[in-house]
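Remarks on the overall topology
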Amino acid sequence: MTKLSVTELSRDLRDAIVQLETTEGLEKVGIVTRVGDGVAWVHGLQSAGYSEVLTIESDAGDVEAFALNLNEDEIGAVLLGNDSEVKAGARVTLKGETLSVPVGPELLGRVVDPLGRPLDGGPAIKTKQRGVVEREAIGVMGRKSVHEPLMTGIVSIDAMFPIGRGQRELIIGDRQTGKTAIAIDTMINQAKQKTSVVNVYVAIGQKLSKIARLVDRLKEEGVMDQTIIVATSPSDSASLLYLAPYAGTAMGEYFRDNGEHALMIYDDLTKHAVAYRQMSLLLRRPPGREAFPGDVFYLHSRLLERSAKLSDDLGAGSLTALPIIETQAGDISAYIPTNVISITDGQIFLETDLFYQGIRPAISAGLSVSRVGGAAQTKAVKSVGGNLKLGLSQFRELASFAQFGSDLDDATKSQIDRGRRLTELLKQLQYQPMGVWEQFVSIHAVTSGLFDVVDPDRIKEAQAALIAKLWGDHKAEMRELNKGDKPSDELVELIDSATKSVAKGFED
Amino acid sequence: MAQRISRRLMAEYVAGRLLDGDSNVITQLAAYLVESRRTKELDTYVYDVETALLAKGLVVADVVSARDLTKATQDAITVFLQDSYKADRVELRPSVDSELIGGVRVRTADAEYDASLRRQLNKLQKMKV
């Protein structure tokens, strides 16, 4: 323990008093007229701006709120603290700033709440900079078209619906269909492939036990060092759930604006819309369809518009977004899903039926799309995955017809067989993302017909054997292939001969 | 159904009539509040009327101090408020509250100047010096 110095104590006290005495003059104040359900109504403070932070004095200390309703007679402010501490008649002052959160590399590896306060029991977070929570998206001239790949490590996504850095790709599906699993695998792949992409996972109203499990898993996989988790639980106030994605984006934007690459995962925006609906109804804004307020589209469009690939002049950084939406009974035509589908640059639709058939990830080839990722796909994967989507869609259609009879012509039979092999190949265990070379050799083995001799039920076995053989015998070549360039004819021949020898071992 | 009148519009009307010397408007406002069951909003109405008066050049301020203020101090506060609001007239409502320990707290319709010892001690406590 340090020795208490009376001289220094006296000096500190004097300095503090001098600081207090500098606050001269009249200070604009208002009073709380009523409070409840996380909303305080304030009389006065006519100069308050939209989204400006207010400080409400209470016996337990100051409680912050932000002004969302600027009415003629009063202000509706959403509390960021506990409403039981705020009493009617409490003094309210303007903080003179909009909401901001700490941003910077100091946040990496930490679990924080939407105000940047640590939730992981670690030390206080001291950053050099703060980022504004509600920030305007970058303009047209500051952007560049998406052209660099953001590999998820999931073969079916990287081959059929490639995602580029700066893209917004929606992950949509019913509950328990593997939406979060795709997001987590993508995060893990960034560490495995050493892409140096920073992950920002925003948990909106997620169970704390789920977040704890996620943190443990990310630590186990060595991803936590390049990850920030912004966590809110169902017991948090609606205001915190509403702020979480904006706060997380501010943290991600720091990396984007400094020429780095960041990946945002919003898990999930359905809960975000519900939290905003709660706030809006309590603020007495008129309800619209499904009781959502009129600006629920703008709620998500302004959030996702902040994800972008920056121009070279601005450092060429990027912010990629993977928002998640939960549907009810596969209904993607509901209000919030259609909104977010129209905002994003594509969607990965997960089907419950496929999930329970054991096809995992349960990606629907027909309903999923990536609108801008084609330009960002690695040449290696593009060279083999060109008509994978079409083939798979045709197979699923043919397979459903084939159930009614066995009299099929040879061409249809072979198409169905190829489809079955492809389906088996695209099954992938969780936490096992694949590199470019692994994806290339796997798809090539099936689409080139070299694995036609392998029974569809043994495809995964054959794939594992092929990967092991190539890595054991041709490590240098595979490392080269992993860079993503289109493989030379010699390399393809080498892979073909390895594939043939592996296929021989699996012949019936 | 009768349209609900904006509190601010009503306050501006009352302030205008008060400045014209029509004290009947107070009775009329009281009757309106009772009739429209808005008596709970009395305090906010007072603030709004004072805010409207402020815009018309009359500052009404509550001055709370730990002990009675001297004439010189009251004059100094009047000048301070006149300068701050560029007001034509200032009316003070002095009162004594020993809980302030020392200093003075001036509160107008939309602002506050708190130079009391109590507030400074509270601030120090919050800073955990």
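Since this is a predicted model, take the numbers as computed values, not measurements.

Cut-offs and rules
Residues numbered from 1 in each chain as written. Chains lettered and ligands numbered in written order. Predicted model: local features only at pLDDT ≥ 70, side-chain atom pairs only at ≥ 80, totals over all residues. Heavy atoms only, no water. Helix = DSSP H or I, 4+ residues; strand = E, 2+ residues; numbered from the N terminus. Rg over C-alpha atoms; globule rule 2.2 N^0.38 Å. Buried < 20%, exposed > 50% of the residue type's maximum accessible area, 1.4 Å probe, protein only. Contact = heavy atoms within 4.5 Å. Areas by Shrake-Rupley, 256 points an atom, 1.4 Å probe, with all protein chains shown as cover. Lys, Arg positive; Asp, Glu negative; His and termini not counted. Charge placed at Lys NZ, Arg CZ, Asp CG, Glu CD. Pairing = 2+ DSSP bridges. Buried area = accessible area lost by both parts, 1.4 Å probe. Salt bridge = Lys/Arg side-chain N within 4 Å of Asp/Glu carboxyl O. Polar contact = N/O pair within 3.5 Å; in protein donor to acceptor, adjacent residues only side chain to side chain. Nonpolar A, V, L, I, M, F, W, Y, C, P; charged D, E, K, R; others polar. 1 Å grid on protein atoms, 1.4 Å probe; cavity = no way out; pocket = protein on both sides within 12 Å on 5 of 7 lines; lining within 4 Å. Points joined across faces, edges and corners; volume = space filled by probe spheres on them. Phe/Tyr/Trp six-rings, centres within 6.5 Å; stacked < 30°, edge-to-face > 60°.

**Some thoughts on the overall build of chain B**
From N to C terminus, chain B includes 5 helices and 4 strands. For chain B, the α and β elements follow one another from N to C terminus as α-α-α-β-α-β-β-β-α. What you see for chain B is a C-alpha radius of gyration of 18 Å, clearly larger than the 14 Å of a compact globule of 129 residues, by over 25%. Across its three principal axes, chain B shows a C-alpha extent of roughly 60 × 35 × 20 Å. Residue burial in chain B is summarised as follows: out of 129 residues, 40% are buried. Taking all contacts inside chain B whose residues are at least 6 apart in sequence as the whole, residues at least 24 apart take part in 64%. Total accessible area on chain B is roughly 7900 Å²; 53% of this is exposed by carbon and sulfur atoms. In chain B, the 20 positive side-chain charges and the 19 negative ones have mean positions that sit 6 Å from each other.

**As for the overall build of chain A**
If you tally the helices and strands in chain A, you get 16 helices and 16 strands. Here chain A holds 508 residues, and 53% of them are scored as buried. A separation threshold of at least 6 residues defines the contact pool for chain A, and within that pool the share at least 24 residues apart is 74%. Here chain A has roughly 22500 Å² of accessible surface; of this, 51% comes from carbon and sulfur atoms. When the 56 positive and 69 negative side-chain charges of chain A are each reduced to one mean point, those points stand 2 Å apart.

**Some remarks on the sheet that holds strand 10 (residues 170-173) of chain A**
Residues and elements named next belong to chain A. Here 8 strands make up an open sheet; going across it, the order is 8-12-11-13-14-10-15-16 and the pairing mixed. A strand with exactly one partner marks an edge of an open sheet, and here the two such strands are strand 8 (111-112) and strand 16 (369-370). Bridge count for strand 8 against strand 12 (residues 227-231) is 2 bridges, and the pairing is parallel. Residue pairing for strand 12: Val112 is matched across the bridge by Val230.

**Describing the interface of chain A and chain B**
Facing the 22 residues of chain A at the interface are 24 residues of chain B. Between chain A and chain B, a total of about 2300 Å² is buried, with carbon and sulfur atoms accounting for 54% of that surface. Linking chain A to chain B there are 3 salt bridges. A salt bridge links B:Arg119 to A:Glu57; the shortest N-O distance between them is 3.0 Å. At the boundary of chain A and chain B, one finds 10 residue pairs in polar contact (both at pLDDT 80 or more). Contributing elements (two or more residues each) for the side of chain A that touches chain B: helix 1 (6-21) and strand 1 (27-36) of chain A. It is strand 1 of chain A that contributes the most residues to the side of chain A that touches chain B, 6 residues altogether. Across the side of chain A that touches chain B, the residue classes break down as 6 nonpolar, 7 polar and 9 charged. In this sheet, strand 4 (residues 111-114) of chain B lies alongside strand 1 of chain A in antiparallel orientation, the contact comprising 2 bridges. Across the sheet, the residue bridging to A:Lys28 is B:Ala111, located in strand 4 of chain B.

**Considering empty space enclosed by the protein**
All names here are of chain A. Applying the stated rule across the entire model yields 4 cavities of 30 Å³ or more. The calculated volume of the largest cavity comes to roughly 70 Å³. What lines the largest cavity is Ser156, Met160, Ile359, Pro361, Ile363, Ser364, Ala365, Leu392, Arg396, Thr423 and Leu426. In this model, the second largest cavity occupies a volume close to 40 Å³. Taken together, Pro149, Leu150, Met151, Asp158, Pro162, Ile163, Ala376, Gln377 and Thr378 make up the lining of the second largest cavity. Considering only residue class, the lining of the second largest cavity consists of 6 nonpolar, 2 polar and 1 charged.

**Observations concerning the side chain of A:Ser156**
Tracing the backbone shows A:Ser156 in helix 2 (residues 155-160). The exposure class of A:Ser156 is buried, given its relative accessible area of 3%.

**Quick word on the packing of aromatic side chains**
All names here are of chain A. Following the criterion strictly, the structure yields 8 aromatic pairs over all chains and no others. Here Tyr242 and Tyr246 contribute two aromatic rings whose centre-to-centre distance is 5.5 Å and whose plane-to-plane angle is 55°, an arrangement assigned as tilted. Highlighted residues: Tyr242 and Tyr246, both in helix 5 (residues 238-257), separated by 4 residues, approximately one helical turn. In terms of burial, Tyr242 and Tyr246 fall into one category: buried. Where Trp437 meets Trp471, the ring centres are 5.4 Å apart and the plane angle is 15°; that geometry is what we call stacked. Here Trp437, found in helix 13 (residues 436-447), pairs with Trp471, found in helix 14 (residues 459-473); they are 34 residues apart in sequence, far enough to count as distant. Among the aromatic residues, those joined into a cluster by ring pairs are Phe66, Tyr242, Tyr246 and Tyr276.

Any functional reading would require information that these geometric values do not contain.
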